[in-house]
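As a plain string of letters, each chain reads:
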Amino acid sequence: MERQKKQATGFSAPREKIAREVVIPEAITIQELAHRMAERAVDIIKFLMKQGQMHKINDVIDADTAELIAEDFGHKVKRVSEADVEEGLSGGEDPEDTLKPRPPVVTVMGHVDHGKTSILDAIRKTKVTSGEAGGITQHIGAYQVETENGRITFLDTPGHEAFTSMRARGAKATDIVVLVVAADDGVKPQTVEAINHAKAAEVPVIVAINKIDKPEADANRARTELMQHEVFVESMGGDALDVEVSALTGQGLPELLEAISLQSEMMELKANPGRNAEGLVVEAKLDRGRGPVATVLVQRGTLKVGNVVVAGAAWGKVRALIDDTGKNVVSAGPSFPVEVLGFNGVPDAGDMLVAVDSEARAREVAEYRQRKRREAKGVSMRRASLEQMMSQMKEGELKEFPILIKADVQGSAEAIVQALEKLGNDEVRARVVHYGVGGVSESDVQLAAATGAVILGFNVRANKQARDAAEREGIEVRYYNIIYDLVDDMKQAMSGLLAPELRETHMGNAEILEVFNISKVGKIAGCKVTEGSVERGAGVRLIRDSVVIHEGRLSTLKRFKDEVKSVSAGQECGMAFENWQDLKVGDVIECYRVEEIKRSL
Ligand code: GDP
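Note that the coordinates shown come from a computational prediction; the quantities given were computed from them, not determined experimentally.

Student: Outline the pattern of salt bridges, supporting the account with residue identities and numerical values.
Tutor: Pairing between side chains of opposite charge can happen when the charged atoms of each approach one another. The tally for this structure, following the rule as stated, stands at 28 salt bridges. The partner of arginine 223 in a salt bridge is aspartate 242, with the nearest N and O atoms 2.6 Å apart. Placement of the pair is arginine 223 in helix 8 (residues 219–227) and aspartate 242 in strand 11 (residues 242–244), with a sequence separation of 19 residues. Comparing arginine 223 with aspartate 242 shows no difference in burial state: the two are buried.

Here you go:
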């Protein structure tokens, strides 16, 4: 009939074959594959049958099989992975002519108590954008100030963790780092850390020598100390701008802002405001009244109320944008920090926000990421908790005990490292994968996850992102404030790994006086305990002419007709061995006990 029909309609068989490009995802149903190849599903099923596989039309086959089929049917294959939903999410480079100057984004870093917060507050107080009446300001994680030379955006989340955790995730949040050094204290561990972070991020540094109002202030000492860490300020012949300031009196702050403007002019910072917004989540929280709230620093494009956005695994339609003075705004351009309301969940700090064209797209991406996170969580649950690590090590897989240490000061960190390194022996030893000064950050957690380390915080705590990450990754974070406690804990944890020592104690001897052969039971030795005592269940050796000829256990220990637990010196008893019959008069039976002695470092 088929043939007749074809002839009737003038088709000449075989039909001209059209080779198609068939898109094959990670898994596909036979029906869908047939559809994409414009072939009949039965033909695919037949093909599979020939390969010895029985399938139904709705069965899901994997990409490899699908590719094999498509190629056999003469089609070209294009493999796509699920991750392709991410593709094209953030747009490509903006053409040069769309770029407009944008304000610089500044992060203030430096050692604790050198005045980062004070400087941020002082600048903000004097220079709040458009001088809000009453000066009611909100902490949203970033703010913008207006100066004669244009606007400047400050990331108001001092602490290097925020900076590093964002950088660890590939986000470049900052154009300029203001390095605060107290003139009365000079360069300290976290100053060095800040310098290293800035260098690693290739971000220019402006030095603010703070507390210049103090009588003991010595700005030049700070400058010299900075030189030792390869920060060369202008007055020392280098190119880093430096300003002497006092957050207390306000001295030097206008000059600091000027230096920032100058530096940013040199950098020619630009972005295209006329495109879909892309930005960085600086802070995010679940607000009781307002739901998920994320502070976003727009990096290019313009974010508007009503935009559909994705950030990390959260998405939403922007319900409101609120600036750092608590005012509602309708849009936010490049370098503008705003609170974004309307997310369906709380994104993570460091997540990129992208405005997309449709809710479907936003949902697709967010759901894909959620799925990925869940999967990642499934895998990572087997990571390091102290207990698991010990059992792992007991199996002899590991002899090293990886540890990551964060402390409040360099001195403590180093002391801890030294103490821990002394702990080990040739069976187990501590391996410090990283140590440093500062709170436990998300990147610490990532490092710990990668190395299977336990994180020890000495007088420091993990920030929110780090806590979340640790939970996600199943990493244990322990806190201490006494070095001795920390070392003692680690010592115990590591001692737990040492195989126990077996120690043998001699209990007693007995001599065989007579050997009886009892049917069903076998040979029984009639003995006399000559020293110590003999116990049932203990280990025994049979010694003949001073040579150990057997080692094993007693199956019976009898006094007269009764089974007894032990027999002491001078008494007579009957003994039989488990699985051993060769007993002779005059043999000596030695009884001993094995004790497991816990070892410690
Ligand atoms: P942060 O830990 O770096 O944020 O430091 P803070 O801003 O909290 O400042 C630490 C301490 O130094 C506070 O007690 C401030 O009052 C004080 N401080 C900050 N800046 C100055 C300054 O310019 N002069 C003086 N005398 N004290 C300051």
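Student: A description of the environment of valine 515 should follow, citing residues and the corresponding values.
Tutor: Inspection of the secondary structure assignment puts valine 515 in strand 26 (residues 501–518). Measuring from C-alpha to C-alpha, the distance between valine 515 and glycine 586 comes to 9.9 Å, with 71 residues separating the pair along the chain. Other than its neighbours up to four places away in sequence, valine 515 contacts Lys523, Ile524, Leu583, Lys584 and Val585.

Student: Which residues make up the site of the ligand, and what are the values?
Tutor: In the region of the ligand, 15 residues are neighbours, and Asp113, Lys116, Thr117, Ser118 and Asp213 sit closest. Backbone polar atom of histidine 114 to an oxygen atom of the ligand: 3.4 Å apart, as the coordinates give it. Alone, the ligand offers 570 Å² of accessible surface; in the complex the protein occludes 73% of this. Of the residues forming the shell around the ligand, the biggest block, three residues, is contributed by helix 5 (residues 116–127). Looking at side-chain class alone, the shell around the ligand contains three nonpolar, seven polar and five charged residues.

Student: Go over the state of the cysteines with me, naming the residues and quoting the values.
Tutor: Overall, the coordinates contain zero disulfides when judged by the stated rule. The structure places no disulfide on cysteine 527, whose sulfur is separated from the nearest cysteine sulfur, that of cysteine 573, by 5.0 Å. Taking the relative accessible area as the measure of exposure, cysteine 527 reaches 1% and is therefore buried.

Student: Could you give an account of a nonpolar patch on the surface, with specific residues and numbers?
Tutor: On the surface, Phe516, Ile518 and Val521 cluster together into a nonpolar patch covering about 250 Å² of accessible area. Relative to the assigned elements, valine 521 resides in the loop between strand 26 and strand 27 (522–535). Overall, valine 521 belongs to the partly exposed group, its relative accessible area being 49%.

Student: Got a sec to walk through the nonpolar core? Specific residues and values, please.
Tutor: Membership of the largest hydrophobic core comes to 24 residues, with the highest contact counts inside it found for Ile119, Ile123, Phe154, Val178, Leu256 and Ile260. Secondary-structure elements contributing two or more residues to this core are strand 6 (105–110), helix 5, strand 7 (142–147), strand 8 (150–155), strand 9 (176–182), strand 10 (205–210) and helix 9 (253–267). Take this core: its biggest share by element is five residues, from helix 9. Setting aside chain neighbours within four positions, we find valine 178 in contact with Val106, Thr107, Val108, Met109, Ile206, Ala208, Leu256 and Ile260.

Student: So what's going on with unusual backbone geometry? Residues and values would help.
Tutor: Within the chain, alanine 38 stands out as a residue other than glycine whose phi angle is a positive 60 degrees. Under the relative-accessibility criterion, alanine 38 is labelled partly exposed at 41%.

Student: Describe in detail the packing of helix 13 (residues 442–451) against helix 14 (residues 464–473), supporting the description with residues and values.
Tutor: It is at 8 Å that the axes of helix 13 and helix 14 come closest, and there the two elements cross at 20 degrees. One finds that helix 13 runs roughly parallel with respect to helix 14. Read as a crossing pair, helix 13 and helix 14 show a hand that is right-handed. Touching Glu442, Val445 and Ala449 of helix 13 are Gln465, Ala466, Ala469, Ala470, Arg472 and Glu473, all from helix 14. For the contact of helix 13 with helix 14, the class distribution of residues is five nonpolar, one polar and three charged.

Student: Can you explain helix 7 (residues 189–200)? Please cite residues and give values.
Tutor: Here helix 7 spans 16 Å end to end across 12 residues, near enough to the 16 Å set by a 1.5 Å rise per residue. Looking at helix 7, one finds that the buried residues are Gln190, Thr191, Glu193, Ala194, Ile195, His197 and Ala198. Positive phi appears at glutamate 202, one or two residues downstream of helix 7, with a value of about 55 degrees.

Student: Describe the sheet that holds strand 6, listing the residues and the values that go with them.
Tutor: Taken in spatial order, the six strands make up an open sheet running 7-8-6-9-10-11, and their pairing is mixed. The open sheet has two edge strands, strand 7 and strand 11, and neither has a second partner. Sheet twist, expressed as the average angle between the axes of neighbouring strands with direction ignored, equals 25 degrees. Pairing analysis gives three bridges linking strand 10 to strand 11, with the strands arranged parallel. Residue alanine 208 lies in a different strand from strand 11, and its bridge partner there is valine 243. Relative to the sheet, helix 8 contacts strand 9, strand 10 and strand 11, its axis offset from that of strand 10 by approximately 145 degrees.

Student: Before we move on, could you go through the confidence of the model for the protein chain and cite the residues and values that matter?
Tutor: The share of residues in the protein chain with pLDDT of 70 or more is 86%, and the mean pLDDT across the chain is 83. In this model, residues 129–135 is a region of pLDDT below 50 whose contacts with residues beyond four sequence positions or in other chains number five contacts. Per-residue pLDDT stays below 50 along residues 377–384; that stretch engages in 17 contacts with residues further than four places along the chain or on separate chains.

Student: Explain the packing of aromatic side chains to me, using residue names and the numbers behind them.
Tutor: Counted under the stated rule, the structure contains two aromatic pairs. Between phenylalanine 47 and phenylalanine 73, the ring centres sit 6.0 Å apart and the planes meet at 65 degrees, which makes this aromatic pair edge-to-face. In this pair, phenylalanine 47 is assigned in helix 3 (residues 41–50) and phenylalanine 73 in the loop between helix 4 (63–72) and strand 4 (76–79), connecting sequence segments 26 residues apart. As far as burial versus exposure is concerned, phenylalanine 47 and phenylalanine 73 are alike and both buried. If you follow arginine 461 out to its NZ or CZ, it ends over the ring of tyrosine 479, 4.3 Å from the centre. Over the face of the ring belonging to tyrosine 592 we find arginine 541, whose NZ or CZ atom lies 3.9 Å from the ring centre.

About the thresholds
- Residues numbered from 1 in each chain as written.
- Predicted model: local features only at pLDDT ≥ 70, side-chain atom pairs only at ≥ 80, totals over all residues.
- Heavy atoms only, no water.
- Salt bridge = Lys/Arg side-chain N within 4 Å of Asp/Glu carboxyl O.
- Helix = DSSP H or I, 4+ residues; strand = E, 2+ residues; numbered from the N terminus.
- Buried < 20%, exposed > 50% of the residue type's maximum accessible area, 1.4 Å probe, protein only.
- Contact = heavy atoms within 4.5 Å.
- Near = heavy atom within 4 Å.
- Polar contact = N/O pair within 3.5 Å; in protein donor to acceptor, adjacent residues only side chain to side chain.
- Areas by Shrake-Rupley, 256 points an atom, 1.4 Å probe, with all protein chains shown as cover.
- Nonpolar A, V, L, I, M, F, W, Y, C, P; charged D, E, K, R; others polar.
- Disulfide = S-S within 2.5 Å.
- Patch = residues over 30% accessible without salt bridge, like charges linked within 9 Å, V, L, I, M, F, W, Y side chains within 5 Å.
- Core = buried A, V, L, I, M, F, W, Y, C linked by side-chain atoms within 4.5 Å.
- Axes fitted to C-alpha atoms, helices over the stretch in contact; angles between N-to-C directions.
- Parallel < 35°, antiparallel > 145°, perpendicular 65-115°, else oblique.
- Left-handed = near helix turned anticlockwise from the far one by under 90°.
- Expected span 1.5 Å × (residues − 1).
- Pairing = 2+ DSSP bridges.
- pLDDT = per-residue confidence, 0-100.
- Phe/Tyr/Trp six-rings, centres within 6.5 Å; stacked < 30°, edge-to-face > 60°.
- Lys NZ or Arg CZ within 6 Å of the ring centre and 35° of its normal.

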